[in-house]
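# Structure at a glance
Here are the chains, one letter per residue:
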Amino acid sequence: MGQTLSEKILAHAAGQPVARPGEILTCRVDLALLLDSGGPRRIWPRLKELGTGVWDADRIVLCTDHFTPAVDAESAAILQLTREFAAEFGIRNFFDMRGIGHVLLAEQGLLQPGMFACGGDSHSSMGGAFGCFMAGFGAIEMTGVVVTGEIWIQVPETVQLNWSGRFGHGVVAKDIALFLCRELGMENGGRVIEYGGETVRAMSVWERMVLTNMAAELGAETGIVAADEVTLAALRAAGREPAAEALQWRGDADAAYLDVRNYAADDLVPQVAAPHSPANSGPVDSCDKVRIGQAYIGACVGAKLTDLHMVAEVLKGRKVANGSRLLVAPSSSAVMAQAAADGTLATISAAGAYILPTGCGACAALGAGVLAENEVCISSTNRNFKGRMGANSAQVYLASPYTVAASAVAGRIADPREFLA
Amino acid sequence: MKIISGRAFVFGDDINTDVMAPGLYFKAPMAEMARHCLEAVNPDFARQVQPGDLIVAGRNFGVGSAREQAALALTHLGVGAVLAVSFGRIFYRNALNFGLPALVFPGAGLIRAGDTLQLDPVTGRIERPATGESWTVQGLPVHLMAMIEAGGLMPWLKLRLAKEKT
């Protein structure tokens, strides 16, 4: 019997020929992503307590994104400590205030198909869009990774989701992700979600990253998309030559899947997840009477250049509704630069949107754009748990950048297809 | 590991990490964050919970973020163990790494708030003395017992590093 892509990667990382679901492996880590949130501020004191350093500075990528920019002495101190850690241990892949870590990994071409990678943040699954196995862990466990270069994994079952057909205009990967939260629920522990089919093959890596990012909301071990020419082109665009064997990292024809499901993209309509769960999703018209105060474009999942292009397409020649506000926090400096160069930022600003600094921002109630009691927000982010973006009674709806922009113009939750030619 | 004995605090399904460790208190010391632990779903929890008390919850307890403060807020408040129908994967690993027993208990729905429970986390035996009932669930994972017996990941790393030096 053959192996799935994830099984092959885990077997390789554990130095054995085969890995079967349920087996517990000790895997060697190819890359560890640390962020300012659960990174040095939590790990460095433990390294001091252990009297040790990091196992391999060149396999660590460190980014500041959760507490950027500093808004008070506490956040400034966290960023300062993060910088000191990078200097102390000689972390060359240190990206200070350049954007959100998960997006930077892609922009910098740091993920190769077949890699086994760990990140100190639940949305580390996003990296799986490059055909690697990348999963999120807590800072205590990342301490173990940083010290030993190893971590234990129970080999997950693989669930294969095949999407065929073409999206209608205004329907995107985020709509698939929200649809799947309802369809599969948020309790998919012990499973890897492998996304495939012609719809996924036709997506850019940036859209594939939306799917793997929100494997976290499915509660899965992680999400993954097998590498193809699109992946290799993205690596080359980032200035990295793909490894010679990159395309060999794929599941065997006779691999065993826990479940294989087929979906048609043609039938999908824009989705919205109502408070307070990503699984509380449905077609956009199920929420279309809801008036919104804030519309938010941000976070790892929802403020890449492709996302800003969707926003600008809706906003071109239109204005944000009176009584509503649109906040846009581009996910990286590179996104900001490209969006400035191609006119996207001008279109968005001309509509009356408020451009925020790059970073995780209001998604986790850490930066600008936090919500007051009872405020209603539609957001391109990935979680709408109670209190996630601020006050416990705030109502957060999740949607695609298209739908968020359309809602900002309408002042209520709106179907973006009404705004697209 | 010794027997854990305490009152049950009962929660439903999908209790997420953000309500255990709200982002608004991320920069505050743990003592302050812990005061707000679970307040969005039970405003009295942090005030009422006593050392050794147990959390009994439904499906997917700890779904969401990687923030280890979710598990740390519980240990800070003295929670003795978490019994749930199922767990969010990162929360589960964090809890065990901090020495907080987390056991899958399919019968969690049978427990009422305030019940006194006794738990042997190694054998997985759960008792409710008031009714004389008991349940046996899967104990702590065998492959992690060395780490758990050492007291968690940090003490285990200390042992490992000491061994490497000799």
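Rules of the game
- Residues numbered from 1 in each chain as written.
- Chains lettered and ligands numbered in written order.
- Predicted model: local features only at pLDDT ≥ 70, side-chain atom pairs only at ≥ 80, totals over all residues.
- Heavy atoms only, no water.
- Helix = DSSP H or I, 4+ residues; strand = E, 2+ residues; numbered from the N terminus.
- Rg over C-alpha atoms; globule rule 2.2 N^0.38 Å.
- Buried < 20%, exposed > 50% of the residue type's maximum accessible area, 1.4 Å probe, protein only.
- Lys, Arg positive; Asp, Glu negative; His and termini not counted.
- Charge placed at Lys NZ, Arg CZ, Asp CG, Glu CD.
- Pairing = 2+ DSSP bridges.
- Axes fitted to C-alpha atoms, helices over the stretch in contact; angles between N-to-C directions.
- Contact = heavy atoms within 4.5 Å.
- Polar contact = N/O pair within 3.5 Å; in protein donor to acceptor, adjacent residues only side chain to side chain.
- Domains from an automatic or database assignment.
- Buried area = accessible area lost by both parts, 1.4 Å probe.
- Salt bridge = Lys/Arg side-chain N within 4 Å of Asp/Glu carboxyl O.
- Nonpolar A, V, L, I, M, F, W, Y, C, P; charged D, E, K, R; others polar.
- Core = buried A, V, L, I, M, F, W, Y, C linked by side-chain atoms within 4.5 Å.
- Phe/Tyr/Trp six-rings, centres within 6.5 Å; stacked < 30°, edge-to-face > 60°.
- Lys NZ or Arg CZ within 6 Å of the ring centre and 35° of its normal.

### A look at the overall build of chain B
Looking only at helices and strands, chain B has 7 helices and 7 strands in total. Each helix and strand of chain B, ordered N terminal to C terminal, gives the series β-α-α-α-β-α-β-α-β-β-β-β-α-α. A globule of 166 residues ought to have a C-alpha radius of gyration of about 15 Å, and chain B, at 16 Å, matches this closely. Taken over the C-alpha atoms alone, chain B extends approximately 50 × 40 × 25 Å along its principal axes. Counting every position in chain B, which comprises 166 residues, the buried fraction comes to 58%. Of the charged side chains in chain B, 16 are positive and 14 negative; the average position of the first set lies 6 Å away from that of the second.

### Observations concerning the sheet that holds strand E9 (residues 191–196) of chain A
Residues and elements named next belong to chain A. Ordered by their spatial adjacency, 4 strands build an open sheet running E10-E9-E8-E11, and the pairing between neighbours is parallel. Strands at the two margins of the open sheet, each flanked by one partner only, are strand E10 (222–224) and strand E11 (259–264). Looking at each pair of strands side by side, their axes are set apart by 20° on average, direction ignored. Relative to E11, strand E8 (residues 157–164) runs parallel, the two being bridged by 6 bridges. The residue bridging Ser164 from the neighbouring strand is Ala264, located in E11. Across the sheet, helix H6 (residues 173–184) lies against E8, E9 and E11, angled at about 130° from E11, the strand it touches most.

### Focus: the side chain of Ser122 of chain A
With respect to the helices and strands, the residue Ser122 of chain A is situated in the loop between strand E5 (116–119) and strand E6 (133–136). Within polar-contact distance, the side chain of Ser122 of chain A engages the side chain of Arg383 of chain A at 2.9 Å. Not counting the four nearest positions on each side in its chain, Ser122 of chain A is found in contact with Gly136, Ala216 and Arg383 of chain A together with Gly64, Ser65, Ala66 and Ile90 of chain B.

### Points about the domain arrangement of chain A
Where interface size is quoted, it is often the accessible area lost as the parts come together. All names here are of chain A. What the domain assignment reports for chain A is domain 1 (5–241 + 253–264) and domain 2 (271–418). Centre-to-centre, using C-alpha coordinates, domain 1 lies 24 Å away from domain 2. Counting from both sides, the interface comprises 33 residues of domain 1 and, opposite them, 37 residues of domain 2. A combined buried area of about 2800 Å² lies between domain 1 and domain 2, and 63% of that area is made up of carbon and sulfur atoms.

### Topic: the sheet that holds E5 of chain A
All names here are of chain A. Spatially, the 5 strands line up as an open sheet ordered E4-E3-E2-E5-E6, and their pairing is parallel. In the strand order of this sheet, the two ends are held by strand E4 (93–96) and E6, each with one partner. Averaged over all adjacent pairs, the angle separating strand axes in this sheet is 15°, with direction ignored. In terms of strand pairing, strand E3 (residues 60–64) meets E4 through 4 bridges, oriented parallel. Across the sheet, residue Thr64 finds its bridge partner in E4, namely Asp96.

### Observations regarding the pairing of strand E17 (residues 376–379) of chain A
All names here are of chain A. The sheet contact formed by strand E14 (residues 294–297) and E17 spans 3 bridges and is parallel. Pairing of Gln294 across the sheet is with Cys377, part of E17. The pairing of E17 with strand E18 (residues 395–398) spans 4 bridges and is parallel. Looking at the pairing, Val376 lines up with Gln395 of E18.

### Regarding the interface of chain A and chain B
Opposite the 45 residues of chain A that make contact, chain B presents 34 residues. For the pair chain A and chain B, the two sides together bury roughly 3500 Å², of which 57% comes from carbon and sulfur. Ranking the residues of chain A by area buried against chain B places Ile140, Trp152 and Glu187 of chain A at the top, with a combined share of 19%. Where chain A touches chain B, the interface holds 9 salt bridges. When the shortest N-O distance is used, the salt bridge between Arg89 of chain B and Glu221 of chain A registers 3.2 Å. Taken together, chain A and chain B are joined by 18 residue pairs in polar contact (both at pLDDT 80 or more). Of all the elements in the fold, those that place two or more residues in the side of chain A that touches chain B are helix H2 (40–50), helix H3 (73–89), E6, helix H5 (139–148) and strand E7 (150–154) of chain A. The greatest single-element share of the side of chain A that touches chain B, amounting to 7 residues, is contributed by H5 of chain A. When the residues that make up the side of chain A that touches chain B are grouped by side-chain class, the tally is 20 nonpolar, 11 polar and 14 charged.

### Brief notes about the nonpolar core
The tendency in soluble globular proteins is for nonpolar side chains to be buried as a group. Counting 103 residues, the largest nonpolar core has Phe116 of chain A together with Leu38, Phe45, Ile55, Phe61 and Leu74 of chain B as the members making the most contacts within it. Leave out the neighbours within four places in its chain, and Leu74 of chain B touches Met20, Cys37, Leu38, Phe45, Ile55, Phe61, Val79, Val82, Phe91 and Leu100 of chain B.

### Considerations on the packing of aromatic side chains
Here a ring pair, both rings aromatic, is described through the centre-centre distance and the interplanar angle of the planes. Per the stated rule, a full pass over the model turns up 14 aromatic pairs over all chains. Consider the rings of Phe11 of chain B and Phe45 of chain B, whose centres lie 5.6 Å apart with planes at 75°: the pair is edge-to-face. Pair noted here: Phe11 of chain B is in the loop between strand E1 (4–10) and helix H1 (17–20) and Phe45 of chain B is in helix H3 (residues 45–48), with a separation of 34 residues, a long-range link. Each of the two residues, Phe11 of chain B as well as Phe45 of chain B, counts as buried. Grouped by ring-pair contacts, the aromatic residues Phe61, Phe87, Phe91 and Tyr92 of chain B constitute a single cluster. The ring of Trp44 of chain A has Lys48 of chain A lying over it, and the distance from NZ or CZ to the ring centre is 4.4 Å. Cation over ring: Arg89 of chain B sits above Phe137 of chain A, and NZ or CZ is 5.1 Å from the ring centre.

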